[in-house]
Amino acid sequence: MRWVTMLYAVVAYLVFWLCSAYLIGFTADILVPRTVNHGPVSGIGQALLINASLMLMFGVQHSIMARQGFKRWCRAWIPAPMERSTYVLLSSLMLGLLYWGWRPLPLTLWWVEGGLAVALWCLFVLGWVLVVYATFLISHGELLGISQAYRRLRGRAPCEIGFHTPGLHRLVRHPLMSGLLLAFWSTPHMTVGHFFFAAGMSLYILIGIHFEERSLVRAFGDHYRAYQATTPMLIPSLRPLYRAVASCFMKRKRSV
Ligand SMILES: C[S@@+](CC[C@H](N)C(=O)[O-])C[C@H]1O[C@@H](n2cnc3c(N)ncnc32)[C@H](O)[C@@H]1O
């Protein structure tokens, strides 16, 4: 059973990376067969309905399976070390379903070229770099179910991740979501379909953060409330940077 759990976790992890890499091609409209702008064609009403349903299905599965109550219920059916991998696997498959069923809406909302296009591509890449980097901040292995299966393989007891604010978590409370938002909106060619995808996913991210923070307040109490009071949710405040530059400037002035 230990090896089955480990194999299951590795398969879920690989499927996650495959679907995440596909998401980059899907939103950039390059390299993959079906993208936000390329796929089966439908009328506008039908396309909006199908796309909204696909995003809703992803959002509902992703949010419900992340709730503590659902996790407790799940443990009656699935061994605890397999639970996170099941979440990762099903979330990735729901994304796969979204790529497969997505209906493009090719009407252009904006199309920029030259320096502005390059700047938008740079922000797109920065967004994805932030996403990948942020998965390693709290715990990459725990987040994707690998650590739970590995501990089971080694016969070690499960462990809980405590509250901590490493790296970018000192600037914003949700760096991974900030990266996703940056990646979804930064495009030199914005179509109605891409706009619908970015808007739907942004709405889902805000709802997801609301539920995630409710769980975090329940788990970490005043520690998390104090963190909420001092650290922005998604967009870093320029005040600490301004203070650092100002104090540097004052020190120099004094030494002169
Ligand atoms: C997919 S991660 C996303 C983290 C965060 N929302 C972000 O955008 O970077 C979600 C998991 O991280 C945990 N988490 C989020 N912030 C945390 C913190 N400061 N300390 C410990 N765990 C945290 C949540 O409880 C949840 O299980």
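Fair warning: this is a prediction, and the values are worked out from it, not measured in the lab.

The rules behind these values
Residues numbered from 1 in each chain as written. Predicted model: local features only at pLDDT ≥ 70, side-chain atom pairs only at ≥ 80, totals over all residues. Heavy atoms only, no water. Phe/Tyr/Trp six-rings, centres within 6.5 Å; stacked < 30°, edge-to-face > 60°. Helix = DSSP H or I, 4+ residues; strand = E, 2+ residues; numbered from the N terminus. Buried < 20%, exposed > 50% of the residue type's maximum accessible area, 1.4 Å probe, protein only. Polar contact = N/O pair within 3.5 Å; in protein donor to acceptor, adjacent residues only side chain to side chain. Contact = heavy atoms within 4.5 Å. Near = heavy atom within 4 Å. Areas by Shrake-Rupley, 256 points an atom, 1.4 Å probe, with all protein chains shown as cover. Nonpolar A, V, L, I, M, F, W, Y, C, P; charged D, E, K, R; others polar.

Here we look at the packing of aromatic side chains
Phase 1 of the analysis: All told, the structure shown has 19 aromatic pairs when counted by the stated rule.
Phase 2 of the analysis: Geometrically, the ring pair formed by tryptophan 102 and phenylalanine 197 is edge-to-face, given 5.6 Å between the ring centres and 90° between the ring planes. Here the residue tryptophan 102 occupies a position in the loop between helix 4 (80-101) and strand 1 (108-111), and phenylalanine 197 occupies one in helix 9 (residues 192-220), the gap between them amounting to 95 residues.
Phase 3 of the analysis: What makes tryptophan 102 buried here is its relative accessible area of 1%.
Phase 4 of the analysis: By relative accessible area, which is 0% here, phenylalanine 197 ends up buried.
Phase 5 of the analysis: Consider the rings of phenylalanine 163 and tyrosine 224, whose centres lie 5.8 Å apart with planes at 75°: the pair is edge-to-face. Placement of the pair is phenylalanine 163 in the loop between helix 7 (146-153) and helix 8 (175-185) and tyrosine 224 in helix 10 (residues 222-230), with a sequence separation of 61 residues.
Phase 6 of the analysis: Tyrosine 224 gets classed as buried once you look at its relative accessible area, which sits at 2%.
Phase 7 of the analysis: Members of the aromatic cluster, connected to one another through ring pairs, are Tyr22, Phe26, Tyr99, Trp102, Trp121, Phe124, Trp128, Phe184 and Phe197.

Digging into the side chain of serine 42
Phase 1 of the analysis: Structurally, the position occupied by serine 42 is in the loop between helix 1 (2-28) and helix 2 (44-66).
Phase 2 of the analysis: Judged by its relative accessible area of 19%, serine 42 falls in the buried class.
Phase 3 of the analysis: Here arginine 103 takes part through its side chain, which lies 2.8 Å from a polar atom of the side chain of serine 42.
Phase 4 of the analysis: For serine 42, the residues in contact, after removing those within four places along its chain, are Ala47, Ile50 and Arg103.

A closer look at the side chain of threonine 191
Phase 1 of the analysis: Structurally, threonine 191 is set in strand 2 (residues 189-191).
Phase 2 of the analysis: A relative accessible area of 1% places threonine 191 in the buried class.
Phase 3 of the analysis: At a separation of 2.6 Å, a polar atom in the side chain of threonine 191 contacts the side chain of asparagine 37.

Some thoughts on the site of the ligand
Phase 1 of the analysis: Close contacts around the ligand come from Ile138, Leu143, Gly162, Phe163, His164, His169, His174, Pro175, Leu176, Met177, Glu212 and Leu216, and that covers them all.
Phase 2 of the analysis: Backbone polar atom of histidine 164 to a nitrogen atom of the ligand: 2.8 Å apart, as the coordinates give it.
Phase 3 of the analysis: Expressed as a share of its isolated accessible area of 570 Å², the protein-covered part of the ligand is 83%.
Phase 4 of the analysis: Listed by contribution, the elements that provide at least two residues to the shell around the ligand are helix 8 and helix 9.
Phase 5 of the analysis: Ranked by the residues each element gives to the shell around the ligand, the list is headed by helix 8, at three residues.
Phase 6 of the analysis: A per-class count over the shell around the ligand returns seven nonpolar, four polar and one charged.

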